[in-house]
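Inside the fold
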Amino acid sequence: VMFGAPTVVPTTINKGRAVTYGIQIGAGGTVEALRGSWGKLVSKHADALSALEPRYFAPRSEGGKYRLVAGPFASKEEAEKACANMGIGRAGCFSTTFGGEPL
């Protein structure tokens, strides 16, 4: 098994705990649907997304959606700037906590 170079993820301290930011850029019924969405988004917004890591969060309740998140960003402001630069709008892109499972 080979591993790449370690990734340093900048964090912000909020109320005594470290927070790393990401952007939520999609939601879907399955992880496969998110993979398709990620591919389309990267092809359309390569400048903004190609260096980011895609991750997903499982639904919080039965019948809920999987959430597609990309990051990390050092601050909430950087995450919000990435959304603004893509021109997707607040409904399609917003800052959130970076985490979840690798896509």
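All figures in this text were calculated on a predicted structure; none of them were measured in a lab. (Residues numbered from 1 in each chain as written. Predicted model: local features only at pLDDT ≥ 70, side-chain atom pairs only at ≥ 80, totals over all residues. Heavy atoms only, no water.)

**Remarks on the overall build of the protein chain**
Basically, it comes down to this: Numbered from the N terminus, helices here are DSSP runs of H or I no shorter than four residues, and strands are runs of E no shorter than two. Contacts between residues were defined by any pair of non-hydrogen atoms, one from each residue, lying within 4.5 Å. Shrake-Rupley sampling with a 1.4 Å probe provides the accessible areas, and residues are treated as covered by the protein chains on show and by no other component.
Secondary structure summary: the protein chain contains three helices and seven strands in total. In the protein chain, the succession of helices and strands from N to C terminus is β-β-β-α-α-β-β-α-β-β. Within the protein chain, contacts between residues at least 6 apart in sequence are counted, and of these 69% link residues at least 24 apart. If you sum the accessible surface of the protein chain, you get close to 6,600 Å²; carbon and sulfur atoms cover 53% of it.

**What about the nonpolar core?**
Selection rule: Think of a nonpolar core as a cluster: buried Ala, Val, Leu, Ile, Met, Phe, Trp, Tyr and Cys residues, connected wherever their side-chain atoms sit within 4.5 Å. Burial classes: relative accessible area under 20% of the type maximum marks a residue as buried, over 50% as exposed, and values in between as partly exposed (1.4 Å probe, protein chains only).
If you look at the biggest cluster of nonpolar residues, it comprises 20 residues, and the most contacted ones within it are Ile23, Ile25, Trp38, Leu49, Leu68, Phe73 and Leu103. At the level of secondary structure, the elements contributing two or more residues to this core comprise strand E3 (21-28), helix H1 (31-44), strand E5 (66-73) and helix H3 (76-86). Apart from residues no more than four positions distant in its own chain, Leu103 is found in contact with Val31, Leu34, Arg35, Trp38, Pro54, Arg55, Tyr56 and Leu68.

**Examining the pairing of strand E4 (residues 53-57)**
As a reminder of what qualifies: Two strands pair under a simple rule: DSSP has to find at least two bridges between them.
Alignment of E4 against E5, held across five bridges, turns out to be antiparallel. Residue pairing for E5: Glu53 is matched across the bridge by Gly71. In this sheet, strand E7 (residues 101-102) lies alongside E4 in antiparallel orientation, the contact comprising two bridges. The residue bridging Arg55 from the neighbouring strand is Pro102, located in E7.

**What to know about the packing of aromatic side chains**
Both the distance between ring centres and the angle between the ring planes are used here to describe each pair of aromatic rings. Inclusion rule: Ring pairs shown here join Phe, Tyr and Trp side chains whose ring centres sit within 6.5 Å, with only the six-membered ring taken for Trp; geometry is labelled stacked below 30 degrees between planes, edge-to-face above 60, and tilted in between.
Tallied over the entire structure, the rule returns one aromatic pair. Each ring, one from Tyr56 and one from Tyr66, has its centre 6.0 Å from the other, and the planes form 65°; the classification is edge-to-face. In this pair, Tyr56 sits in strand E4 while Tyr66 sits in strand E5, placing the two residues 10 residues apart along the sequence.

**Comments concerning the environment of Trp38**
Among the structural elements, Trp38 can be located in helix H1. On the accessibility criterion, Trp38 (14% relative accessible area) is buried. Placed 31 residues apart in sequence, Trp38 and Val69 show a C-alpha to C-alpha distance of 9.5 Å.

**Notes on the sheet that holds E5**
Note the cut-off: Every axis corresponds to a line fitted to the C-alpha atoms, with the helix fit spanning only the stretch in contact, and the corresponding angles, defined between N-to-C directions, vary from 0 to 180 degrees.
Pairing is antiparallel in the open sheet, where five strands are placed in the order E6-E3-E5-E4-E7. The open sheet is flanked by strand E6 (94-97) and E7, the only strands paired with a single partner. Together, E3, E4 and E5 form the strand contacts of H1, whose direction differs from that of E5 by roughly 45°.

**Section: H1**
Keep this limit in mind: Any helix carries an expected span of 1.5 Å times its number of residues minus one. Picture the helix axis, draw a direction to every C-beta atom, and the arc is the one those directions span.
In this model H1 runs 20 Å from its N-terminal to its C-terminal C-alpha over 14 residues, within 8% of the 20 Å that 1.5 Å per residue would give. Within H1, burial applies to Val31, Leu34, Trp38 and Leu41. For H1, the angular spread of buried residues about the axis comes to 75°, placing them on one side. Away from the buried face of H1 by more than 90 degrees, exposed residues Glu32, Lys40, Ser43 and Lys44 are located. Against the buried residues of H1 lie E3, helix H2 (46-49), E4 and E5.

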